Every structure is written in structure tokens, then in C-alpha cells.
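Results of the structural survey
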Amino acid sequence: MFPETIESERLTFERLSHDSLDARALYEVFGANPDADEIFEYVDSDPHRTVKESYDLIQRAQDAFEDGEWVQYAIRPTEGEPHAGELAGIAGLYPKWDRRVATLGIILDTRFWGRGYSGERAAVFLELAFDRLDLDLVAVKYIDGNERSKRAVERYVDRFGGRYVGLLRNDLAVEGEVFDCHRYSISRAEYEESKRG
């Protein structure tokens, strides 16, 4: 159902599995990294405290892929990009099959911020959602106050003809703290119109 790998202009996306990514390599980015707190500041989980947490994340992604539930990919810059071949982060597409909707997610190492990788990933995942998975709507949200994500999301939502849905109050709870989230969406019709224009 989901492709094993996807390539874009500057990135390779390889489905998260124990064959594609060692748990220690993921932990080095999402746990042992001195920037881990900054990476996870606006994410609905915490930095990994152990290699086992990284292993478990990979296992959940591997199981979900095999069951056709959702998919996460390891992101690596391709040749010619700074830090080519290194793990830049992970990105996911999370369908709600009964509603024909999917949500996007991405977590990048700070070394890869500001390069437009989030928008490049969005373009690839929109094509996957609409052309391969036959979904009707793709949504994305970010925690209120995350100005970096706001700029990135608004750029690609505008590019693909989507729209701001609104502020969802008390939308996300993380370890006892509750956050408001801004939600955007792109419909199949909006996406197809943007491709024609």
C-alpha cells in the first residue's frame, strides 16, 4: 500500500524499519543530541531517554506499515545536499481511512531547519495521499506559538491551494499539559487545481 522508498529533488524517504534505521542512530538524533529539547519543544512527545525508546518507535512504525495503518519515513538528504546521507529526521502520513483523511507530521534535527525540507516532504506526501491512496483531504496542525512551523505550513498550504481551518482549543495533551493547535487542510480538488495552475 505505502511505498518502501520515495525520492524527491533533494531528499530520500525510506520507510522506518529495523532494516532501514538502527535504533542507536535514531537515538543519537532524538535523544543524545544536545539540541533534543529544542527539536521536541513543539512536538507531542519528548526526547528519547533511552535507545529502547527509539527501538520501540521504529517497531511501532514497522508494524503500522505492515498492517497498512500509517507510515513513517526516515529522511535523508541526497547527494549534493549538506550532510548527504545522514538522518535528518522522520516524517509520517497518518490516514483515517473511514474519513478518507490523512494528517502530516515531521520532526527534523535542528541542523536541517530552514532548508525547505518540510515543504518538499509535503509535496511528496500530498501526491501519495491523493494519487496513490485515493484520499480526499490532507490536514496538518501545529502547536500555538510555533512560529517556525507556522511559516513552513503556510507556505506549502498556500502553494497547494489549501486553507486555514482554525484554532483548535485544548486540542493536544502532552504529559499533563494542554495545548491549542492551528489546523490547515488541503482537499483533493484544491490540490488538483494547484497542479493545473
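Our subject in this report is the structure included herewith.

Calculation criteria
- Residues numbered from 1 in each chain as written.
- Predicted model: local features only at pLDDT ≥ 70, side-chain atom pairs only at ≥ 80, totals over all residues.
- Heavy atoms only, no water.
- Phe/Tyr/Trp six-rings, centres within 6.5 Å; stacked < 30°, edge-to-face > 60°.
- Helix = DSSP H or I, 4+ residues; strand = E, 2+ residues; numbered from the N terminus.
- Buried < 20%, exposed > 50% of the residue type's maximum accessible area, 1.4 Å probe, protein only.
- Core = buried A, V, L, I, M, F, W, Y, C linked by side-chain atoms within 4.5 Å.
- Contact = heavy atoms within 4.5 Å.
- Expected span 1.5 Å × (residues − 1).
- Arc of directions from axis to C-beta.
- Salt bridge = Lys/Arg side-chain N within 4 Å of Asp/Glu carboxyl O.

Here the focus is the packing of aromatic side chains. Per the stated rule, a full pass over the model turns up 12 aromatic pairs. Measuring from centroid to centroid gives 6.2 Å for phenylalanine 2 and phenylalanine 65, while their planes differ by 40°, and the two rings are tilted. A residue pair is termed long-range when its members are at least 10 positions apart, and phenylalanine 2 in the segment before strand S1 (5-7) and phenylalanine 65 in helix H3 (residues 51-67) qualify at 63 residues. Of the two residues examined, phenylalanine 2 and phenylalanine 65, each falls in the buried class. Ring centres of phenylalanine 130 and tyrosine 191 lie 5.0 Å apart, and the angle between their planes is 35°; on these two criteria the pair is classed as tilted. Here phenylalanine 130 is found in helix H4 (residues 117-132), whereas its partner tyrosine 191 is found in helix H6 (residues 188-196), with 61 residues between them in sequence. Pair check on accessibility: phenylalanine 130 and tyrosine 191 agree, each one buried.

Ranked by internal contacts, the top residues of the largest apolar core, which has 36 residues, are Phe13, Tyr73, Leu93, Leu104 and Phe125. Elements with a contribution of two residues or more to this core: strand S2 (11-15), strand S3 (71-77), strand S4 (89-96), strand S5 (101-108), H4, strand S6 (137-143), helix H5 (147-159) and strand S8 (177-187). Sorting elements by how many residues they give to this core places H4 first, with nine residues. Excluding residues within four positions of it along the chain, leucine 93 makes contact with Trp70, Val71, Ala102, Thr103, Leu104, Phe125, Leu128, Ala129 and Leu133.

The terminal C-alpha atoms of H3 lie 24 Å apart, and with 17 residues this matches the ideal 24 Å at 1.5 Å per residue to within 8%. Along H3, the residues classified as buried are Ser54, Leu57, Ile58, Ala61, Gln62, Ala64 and Phe65. Looking down the long axis of H3, one finds its buried residues gathered within 165° of arc, a one-sided arrangement. Exposed residues lying more than 90 degrees from the buried face of H3 are Lys52, Glu66 and Asp67. Residues of H3 that are buried sit in contact with S2, helix H1 (23-30), S3 and S4.

This part is about the pattern of salt bridges. Scanning the entire structure with this criterion turns up 15 salt bridges. A salt bridge links arginine 10 to glutamate 81, with the nearest nitrogen and oxygen atoms 4.0 Å apart. Here arginine 10 is found in the loop between S1 and S2, whereas its partner glutamate 81 is found in the loop between S3 and S4, with 71 residues between them in sequence. Exposure class is identical for arginine 10 and glutamate 81. Each is buried. Close ionic contact of aspartate 109 with arginine 111 constitutes a salt bridge, the shortest N to O distance being 3.2 Å.

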